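# Notes for the structure review
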Amino acid sequence: MLYTGKKTNEILFPLGGIGSGSINLAGNASLVDWEIFNRANKNSFNGNSHFAIRAEYPNGETVVKILQGDQIKNFTGHHFTGASGTPMAAFPHFKKVKFDATFPIATVTLEDDNFPAKVLLKAFNPIIPLDAYNSSIPSAFFEIDVKSKVDGVKYLITLAVKNPFECGLNEKVESEKYTAIKLSHYGVDKSDLKYGDLTIAVDDKDGFAQRYWYRGNWCDAVTTFWHELNLGKFCDRDYEERKQGDHCVIGAQKLINKGESKKTRFVLAWNIPNCNNYWHPDFIKYTKPGKTQEEVAEYVKNAQWKNYYATVFEDSTASCFYSLDKFSTLYKKTNTFCNAMKNSTLDKTVINAITATLTVLKSPTVLRLEDGTLYGWEGVNTNKGSCEGTCTHVWAYQYALCFLFPELERSLRDTEFKYDTYEDGRMCFRTALPLGCGYAVQAPCVDGQMSTIIKIYRDWKLTGNTKWLEKNWDNLVNVLEYAWSDKNLYEWDRDHDGVLEGRQHHTLDMELFGPSSWLEGMYLAALKAASEMAEFLGHTEKSKEYLELFEKGYKWTKENLFNGKYFYQKINLEDKNYAEHFRAMHYWNEEQNQLKYQIGEGSALDQLLGQWHANICGIGDIFDKNDRKTALKNMFKNNVKDSLREYPNAWRVFAINDEGGSIICTYPDGANRPVIPLPYCDECMTGFEYAFAGLLISEGFINEGLTVVKYIRDRYDGEKRNPFNEIECGANYARAMASFSLLPIFSGYTFDLPNNYIGFAPIAEGDFNCFYSTGTGWGSFIKTKNEQKITVNGGYQTLESVGIDSADKVKKVLVDGEEIGFTAKDNKIYFNKITIKKYITFEV
């Protein structure tokens with residue numbers, strides 16, 4: 001998507017690997033928010049780190065500019081010292097800037113009337129589906145493409161970076177292919193938490209490297225740098241004293257004639273290898289059997305672990321040179337993924353929503369632990385994480401990992417079962433670090449716990465990894481059956497009738513009492529999924545038990561939780577027994593004689609959340625189809641506002657003035673609104689909105705769903721908010737990746753890899769093109785008038801049946817160019833099991 005003018009004001013585009021941290025490319029191409037130090041670091045700069053370019057005409061005249069556009073905000077500075085707080089803001093720079101991006105690739109076009117070339121700064125870090133290794137490199141990739149408008153001009157391109165460490169050492173790195181400088185923390189052991197190193201390199205062995213800018217007072221260093229840059233001559237310096245704040249610079253020069261274009265590649269890599277739990281016990285205390293909380297806290301305080309990338313690359317020089325060595329290949333594969341998104345026939349707002357929210361994976365929200373396991377905050381604050389522990393209820397909304405990096409998604413389930421589940425099946429919905437240190441003490445969370453069952457089902461169906469399912473089966477049974485266990489002090493389904501009735505903690509941070517369609521739907525989806533898994537594994541009695549519970553709950557829900565217009569929570573708000581029975585008197589409003597924090601008769605945006613999951617994962621009906629269609633019509637009427645100007649909101653403000661949005665819980669005319677209703681009820685949170693949009697679309701309300709998505713992306717337009725950072729409880733919020741579910745929804749994608757099957761039934765008429773993936777391969781599904789085609793752009797697919805529209809009209813099936821035999825029945829094409837490496841085509 002192209003951003004220009006004021007639409008670039010708020011852009012911050014993260015460049016970094018999954019779990020490695022990132023450096024952000026601003027809308028004007030400056031390098032800001034250096035979040036590479038194992039935590040968030042918002043509103044930060046690294047000295048005067050920047051790119052610059054010098055043009056020398058044949059007659060010796062020169063023009064020098066910083067490779068960035070105008071200062072676009074914060075003209076007073078964070079400390080009221082003026083815009084000088086932004087790197088190189090007041091030096092000559094480019095007047096015309098365009099920012100074009102489909103994450104993870106951004107291209108900034110810079111032009112000026114007094115500069116003899118158009119400059120394209122391309123920046124990325126790989127996203128390659130199913131290749132978590134190459135998508136987790138701790139580096140930022142840059143390619144500077146100079147298109148000269150004048151003959152015989154010499155262009156010198158430079159990258160200057162500050163050494164951020166207390167006792168800095170800048171050293172040239174020997175290489176037969178590149179010019180490079182390594183910036184490290186001198187005199188500190190590599191096992192120390194303070195240790196780190198950075199490497200910058202350019203793909204020219206004959207480039208120049210200046211290890212140190214001139215040391216002096218005031219602005220001596222940057223003034224001298226600018227003098228040398230204008231001359232085009234840099235003297236190398238070294239200083240015996242090691243101190244903080246020294247800059248270095250590398251660069252390369254090319255002669256470019258009129259109409260020619262030449263490219264120069266740079267990589268900035270980092271290595272901050274050692275991590276610790278710096279936040280405990282500020283948020284949640286940990287407990288471990290046989291240990292006091294004080295003993296656990298002392299252990300956590302002194303424990304540390306390595307970043308995954310530090311087990312792969314010896315230092316930043318290793319990752320830097322690897323990145324340059326593999327630059328072309330990694331860019332090509334990443335661009336193939338981007339093109340699969342851009343070439344989709346889906347509404348461009350939808351593609352923008354899907355790709356822009358993938359930035360969460362490249363932000364400080366995500367870590368990869370020493371063995372490669374993924375760990376995530378919910379989001380991040382200015383300089384630390386927000387809400388620890390890969391929270392099961394928040395991360396349940398995201399659908400990016402399972403389709404792009406299924407091994408990382410499975411690592412979450414393995415962690416939840418190994419470290420977060422008690423013997424009785426109760427789950428801690430937040431993971432404590434370091435792994436194995438104890439449990440994060442909170443009440444079990446019903447939507448998080450049920451979503452674990454749903455995600456096991458989904459990941460099994462998507463990958464066909466039955467051994468993994470078998471390994472986790474006993475844990476899965478314990479987690480599900482905790483709902484009716486006599487050890488469940490929260491009495492979710494104490495009478496074992498398929499209906500949740502007890503005290504139910506949930507993602508809106510409080511508890512519901514009594515049955516609600518929202519949490520009941522999650523329970524029903526988990527029961528139905530568990531029944532199918534049990535049947536496949538031969539646990540017939542378990543399968544029967546779970547299915548009978550589902551059917552009882554389904555019937556009860558239809559009869560008791562639908563008011564003819566929408567689904568709701570069945571509760572007597574004046575019944576004090578709930579608060580007394582569960583010793584939760586903070587839920588009782590003594591003044592009003594009423595329970596607090598309940599949905600009651602409200603229209604909650606998540607009232608059909610279980611059906612959203614079920615439609616994506618292939619679980620089937622969780623709510624009556626006619627009832628849910630009626631509910632969706634009324635939810636769109638009740639919860640979606642085209643302007644928030646007249647809507648009161650006492651909570652956090654994510655939509656305001658004349659912006660549109662979908663409200664978490666509204667109370668239509670005639671509904672009894674509790675005096676103190678559901679927490680966050682009046683907010684617009686994008687993860688919830690995307691889930692609602694997806695459900696609307698999957699149930700046939702396409703225009704309504706697109707309206708919900710459009711309202712979100714209109715709010716994140718680059719002028720008011722960063723389009724690459726959707727916020728909730730912090731920045732880079734994980735729940736926003738619910739947007740990825742729109743891909744399988746629009747394509748009608750079904751997957752059953754245990755039986756070597758995938759299928760497509762696009763909801764839109766006419767030609768269609770959309771990304772898809774399984775656990776072994778990815779590509780695009782392409783439908784035209786004369787054929788339907790499944791490409792394999794990475795990996796492979798082993799199939800023996802495919803579902804497509806008009807299967808009975810198929811005359812020929814080709815696999816990688818070879819015709820194969822087939823039969824057609826019930827919109828499915830059957831054939832002998834075969835491994836597809838390039839494509840399978842169905843000709844009509």
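Below is a short write-up of the structure. (Residues numbered from 1 in each chain as written. Predicted model: local features only at pLDDT ≥ 70, side-chain atom pairs only at ≥ 80, totals over all residues. Heavy atoms only, no water.)

### What about the nonpolar core?
In terms of nonpolar packing, the biggest core is built from 206 residues, with L25, F99, F142, L480, M533, W612 and F740 touching the most fellow members. Here this core gets 13 residues from one element, more than from any other, and that element is helix α12 (residues 517-537). Discounting chain neighbours no more than four positions away, the residues touching F142 are L15, L31, F51, L121, K122, A123, T264, R265, F266, L268 and F327. In this structure, A201, C320, L330 and Y331 belong to the second largest nonpolar core, which totals 20 residues. (Core = buried A, V, L, I, M, F, W, Y, C linked by side-chain atoms within 4.5 Å. Buried < 20%, exposed > 50% of the residue type's maximum accessible area, 1.4 Å probe, protein only. Helix = DSSP H or I, 4+ residues; strand = E, 2+ residues; numbered from the N terminus. Contact = heavy atoms within 4.5 Å.)

### Considering the packing of helix α15 (residues 609-617) against helix α17 (residues 686-698)
In contact at an axis separation of 9 Å, α15 and α17 are set at 60° when each is read in the N-to-C sense. With respect to α17, the element α15 is oriented oblique. When the axes of α15 and α17 are compared, the crossing they make is left-handed. Contacts from L609, Q611, W612 and N615 of α15 reach α17 at A691, G694, L695 and S698. Tallied by class, residues from the contact of α15 with α17 come to four nonpolar, four polar and no charged. (Axes fitted to C-alpha atoms, helices over the stretch in contact; angles between N-to-C directions. Parallel < 35°, antiparallel > 145°, perpendicular 65-115°, else oblique. Left-handed = near helix turned anticlockwise from the far one by under 90°. Nonpolar A, V, L, I, M, F, W, Y, C, P; charged D, E, K, R; others polar.)

### Considerations on the sheet that holds strand β44 (residues 828-836)
Spatially, five strands are ordered β34-β35-β40-β44-β43 in an open sheet, and the strand pairing comes out mixed. The open sheet has two edge strands, β34 (750-752) and β43 (823-825), and neither has a second partner. Mean inter-strand twist for the sheet, computed between neighbouring axes without regard to direction, equals 25°. Bridging between β43 and β44 involves three bridges; their strand directions are antiparallel. The residue bridging A824 from the neighbouring strand is I829, located in β44. (Pairing = 2+ DSSP bridges.)

### Quick notes on the packing of aromatic side chains
Summed over the entire model, instances satisfying the criterion amount to 55 aromatic pairs. Between the aromatic rings of F51 and F142, the centroid separation amounts to 4.9 Å while the plane-to-plane angle is 65°, which identifies the pairing as edge-to-face. Remark: F142 occurs in strand β10 (residues 139-148) and F51 occurs in strand β5 (residues 50-56); sequence separation between them is 91 residues. Where F760 meets F781, the ring centres are 4.3 Å apart and the plane angle is 0°; that geometry is what we call stacked. One end of the pair, F760, is in the loop between β35 (757-759) and β36 (768-773); the other, F781, is in strand β37 (residues 777-783), and 21 residues separate them in sequence. For F781, a relative accessible area of 0% translates into the label buried. Through a chain of ring-to-ring contacts, the aromatic side chains of F337, F403, F740, Y749, F751, F760, F768, F771, Y772, W778 and F781 assemble into a single cluster. (Phe/Tyr/Trp six-rings, centres within 6.5 Å; stacked < 30°, edge-to-face > 60°.)

### Some remarks on unusual backbone geometry
Here F103 and P104 are connected by a cis peptide whose omega angle stands at 15°. By the secondary structure assignment, P104 is in the loop between β7 (96-102) and β8 (105-111). In this structure, the amide linkage connecting L433 to the following residue, P434, adopts the cis form with an omega of 0°. Along the chain, the position of P434 falls in the loop between α9 (406-419) and β25 (439-440). Even without glycine at this site, R583 takes up a positive phi of about 50°. Tracing the backbone shows R583 in the loop between α14 (577-581) and β28 (588-589). Relative accessible area serves as the criterion here: at 78%, R583 is assigned to the exposed category. In the Ramachandran plot, N756 falls in the positive-phi region, its phi being about 55° despite a non-glycine side chain. Positionally, N756 belongs in the loop between β34 and β35.

### What to know about the sheet that holds strand β4 (residues 31-35)
Sheet architecture is open: three strands sit in the order β2-β3-β4, paired in antiparallel fashion. The strands lining the two open edges of the sheet, one partner per strand, are β2 (12-15) and β4. On average, adjacent strands in this sheet sit at an angle of 25° to one another, irrespective of strand direction.

### Remarks on the side chain of Q449
Position of Q449 among the secondary structure elements: in helix α10 (residues 446-463). The class of Q449 is buried, set by a relative accessible area of 1%. Within polar-contact distance, the side chain of Q449 engages the backbone oxygen of V479 at 3.0 Å. When near neighbours in sequence (up to four residues on either side) are disregarded, Q449 contacts T392, G425, R426, M427, P444, V479, Y482 and W492. (Polar contact = N/O pair within 3.5 Å; in protein donor to acceptor, adjacent residues only side chain to side chain.)

### Structural notes on the layout of surface pockets
Any empty space left between atoms is shown by rolling a water-sized probe over those atoms. Space inside the largest pocket adds up to approximately 640 Å³. What lines the largest pocket is a set of 37 residues, and nearest its centre among them are E10, L12, D33, N43 and K73. Put simply, the parts of the chain that give the lining of the largest pocket at least two residues each are β2, β3 (22-26) and β4. (1 Å grid on protein atoms, 1.4 Å probe; cavity = no way out; pocket = protein on both sides within 12 Å on 5 of 7 lines; lining within 4 Å. Points joined across faces, edges and corners; volume = space filled by probe spheres on them.)

### A few points about the pattern of salt bridges
Tallied over the entire structure, the rule returns 48 salt bridges. A salt bridge links D459 to R458; its shortest N-O distance comes to 2.8 Å. Across the pair, R458 and D459 agree in class, each one buried. Residue K542 is joined to E481 by a salt bridge in which the shortest nitrogen-to-oxygen separation is 2.6 Å. A residue pair is termed long-range when its members are at least 10 positions apart, and K542 in helix α13 (residues 540-560) and E481 in helix α11 (residues 466-481) qualify at 61 residues. On the basis of relative accessible area, K542 is assigned to the partly exposed category, the value being 28%. Taking relative accessible area as the criterion, E481 reaches 18% and is therefore assigned buried. Because the salt bridges share partners, they merge into one network encompassing K7, E659, D717, E719, K720 and R721. (Salt bridge = Lys/Arg side-chain N within 4 Å of Asp/Glu carboxyl O.)

Read these as layout, nothing more, since geometry by itself doesn't imply function.
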